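Structure at a glance
So you can see what is in the structure, the chains are spelled out below.
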Amino acid sequence: MSSRKRLSFSLLCACMVLLLCTACGNAGSGGNAGNTTSKVISVVAAENFYGDLVQQIGGNHVDVVSILSDPDVDPHEYESNVQNATAVAKAQLVIENSGGYDDWMDKLLSGSPNSSRLVVKAFDVARVKLEDNEHVWYSIDNAQTIAQTITERLKQLDSADAATFDSNLQKLNTALQQIQQKITAIKSKHANTPVALTETIFLYQSGPLGLHVLTPTEFQKAVAEGNDPPANTVITADDQINQQQVKVLIYNEQTSTAVTLKLQHDAQAHHIPIVAVTETMPKGKTYQSWMSDQLTALEQALGA
Ligand SMILES: [Zn+2]
């Protein structure tokens, strides 16, 4: 090899080493802009139970901000803040309940128009809908439909990870089917049992459970809307407890008022078991462990 040839050979080698190193560098850094190998979709969920569903389906391909998660806040009364607006402005996917439950989110969305952002409106997607009752996530059937829609939107935003989303959805559906089985099992033992409800939220489960809800609907609706229930409905609800016409009191802890606290107090005095339910998902739970734990508590309260 002549000295000139040797020089060009070593130059070629140096170039190849450089190329290899560049390739290594790219593979290692992964998340660089324009690199499609590890996409992370920014998601905002108006309520933490939807945030949990999208987190379970999206895994490490989503970055989720859930707005309503404080157990001491009544979601029916929530007002959004600047931080919420910033999060929504950056989001590629927004999940809201809609149906009048979180109108503040619609305001945030129209405040930062973005034609490429996808929005899931759970109430519109839900197949099971009760009259004047926007709490559609309390129906396990609806949770399955909503999860399916969320999966489709994630695939639209990140088609490369479609198989992962599908397999995560399948796992979630298996867990949701177990809750359905639990509901069927409770129904087979306790159908037609008379119960009291403080708020409309649990109607999405009391129906499938076959329970007989005695509390006047107007009473439950007023509590959900943050209004004073009509006086005659308060008397009826009180009497049902005091005369022990109901076997359990299902109590929404997140929408408690002086009127519901009196029912709770009277139930305690008459040794009527109280089953606490919440509007949003408690800390440290998943959607399915939340629903399952509440049903276990109900089953125990209903007795053998
Ligand atoms: Zn409610």
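Look above for the structure.
Residues numbered from 1 in each chain as written. Predicted model: local features only at pLDDT ≥ 70, side-chain atom pairs only at ≥ 80, totals over all residues. Heavy atoms only, no water.

The subject of this paragraph is the overall build of the protein chain. Of regular secondary structure, the protein chain possesses 12 helices and 8 strands. Across the 304 residues in the protein chain, those meeting the buried criterion constitute 45%. Considering only intrachain contacts with a sequence separation of at least 6, the fraction spanning at least 24 residues in the protein chain is 65%. When the accessible surface of the protein chain is summed, it comes to about 15000 Å², and 54% of that surface belongs to carbon and sulfur atoms. (Helix = DSSP H or I, 4+ residues; strand = E, 2+ residues; numbered from the N terminus. Buried < 20%, exposed > 50% of the residue type's maximum accessible area, 1.4 Å probe, protein only. Contact = heavy atoms within 4.5 Å. Areas by Shrake-Rupley, 256 points an atom, 1.4 Å probe, with all protein chains shown as cover.)

Glancing now at the packing of aromatic side chains. Two numbers describe a pair of aromatic rings. These are the distance of the centres and the angle of the planes. All told, the structure shown has 10 aromatic pairs when counted by the stated rule. Summarising the aromatic geometry, the rings of Trp-137 and Tyr-138 are spaced 6.4 Å apart at their centres and angled 70 degrees between planes, so their arrangement reads as edge-to-face. Tyr-138 matches Trp-137 in its accessibility class, with the two residues each being buried. Measuring from ring centre to ring centre gives 6.1 Å for Tyr-287 and Trp-290, while their planes differ by 85 degrees; the resulting arrangement is edge-to-face. Of the two residues, Tyr-287 and Trp-290 are both situated in helix α12 (residues 287–302); the distance of 3 residues between them amounts to about one turn of the helix. Like Tyr-287, the residue Trp-290 is buried in the burial classification. One aromatic cluster in this structure is built from Phe-49, Tyr-50, Tyr-101, Trp-137, Tyr-138, Phe-202, Tyr-287 and Trp-290. Against the face of Phe-123 rests Lys-129, its NZ or CZ located 4.8 Å from the ring centre. (Phe/Tyr/Trp six-rings, centres within 6.5 Å; stacked < 30°, edge-to-face > 60°. Lys NZ or Arg CZ within 6 Å of the ring centre and 35° of its normal.)

Ligation of the zinc ion by protein atoms is provided by His-76 (NE2), His-135 (NE2), Glu-199 (OE), Glu-279 (OE) and Glu-279 (OE), these donors lying 2.0 to 2.5 Å from the ion. Along the chain, the residues donating to the zinc ion are arranged with the sequence spacing H-x58-H-x63-E-x79-E. Placement of His-135 in the loop between α5 (122–125) and α6 (140–157) and of Glu-279 in the loop between β8 (274–277) and α12 is noted, with a sequence separation of 144 residues between them. According to the relative accessible area criterion, Glu-279 is buried, its value standing at 0%. (Donors = N, O, S within 2.8 Å, 3.2 Å for Na, K, Ca; no water.)

For strand β7 (residues 248–252), the tally of buried residues reaches 5 of 5 residues, placing the bulk of the element in the interior. Going residue by residue along β7, you find Val-248, Ile-250 and Asn-252 tucked away on one face and Leu-249 and Tyr-251 tucked away on the opposite face as well. Here 3 bridges tie strand β5 (residues 194–197) to β7, and the two strands are oriented parallel to one another. Looking across to β7, one finds that Ala-196 is bridged to Leu-249. The pairing of β7 with β8 spans 4 bridges and is parallel. In the strand pairing of β8, Asn-252 is matched with Val-277. The β-α-β motif built from β7, the intervening helix α11 (residues 258–269) and the parallel element β8 has right-handed crossover chirality. (Pairing = 2+ DSSP bridges. Right-handed = clockwise from strand over helix to strand, strands pointing away.)

One open sheet holds the 4 strands; their spatial order is β2-β1-β3-β4, and the pairing between them is parallel. Two strands bound the open sheet, and with one partner strand each, they are β2 (62–68) and β4 (118–121). Strand-to-strand twist across the sheet, computed as the mean angle between neighbouring axes with direction ignored, equals 15 degrees. Across 6 bridges, strand β1 (residues 41–47) lies against β2 in parallel orientation. Across the sheet, Glu-47 pairs through a bridge with Leu-68, a residue of β2. Its contacts with the sheet put helix α3 (residues 82–90) on β1, β2 and β3 (93–96), and the angle it makes with β1 is roughly 135 degrees. Docked against the sheet, helix α4 (residues 103–111) engages β1, β2, β3 and β4, running at close to 155 degrees with respect to β3. (Axes fitted to C-alpha atoms, helices over the stretch in contact; angles between N-to-C directions.)

Contact pair helix α2 (residues 48–58) / helix α7 (residues 162–190): the axes reach a minimum separation of 7 Å and the direction vectors enclose 125 degrees. By the angle class used here, α2 and α7 are oblique. Counting all contacts with α2, which are made through Leu-53, Gln-56, Ile-57 and Gly-58, the residues of α7 involved are Thr-164, Phe-165, Asn-168, Leu-169 and Leu-172. For the contact of α2 with α7, a count of residues per class yields 5 nonpolar, 4 polar and no charged. (Parallel < 35°, antiparallel > 145°, perpendicular 65-115°, else oblique. Nonpolar A, V, L, I, M, F, W, Y, C, P; charged D, E, K, R; others polar.)

So, about the sheet that holds β8. The 4 strands lie next to each other as β6-β5-β7-β8, forming an open sheet whose pairing is parallel. If you trace the sheet from one side to the other, it starts and ends with β6 (212–213) and β8, each paired once. Looking at chain direction, β5 and β6 are connected through 2 bridges and run parallel. Across the sheet, the residue bridging to Val-195 is Val-213, located in β6.

All we've got here are geometric facts, nothing functional implied.
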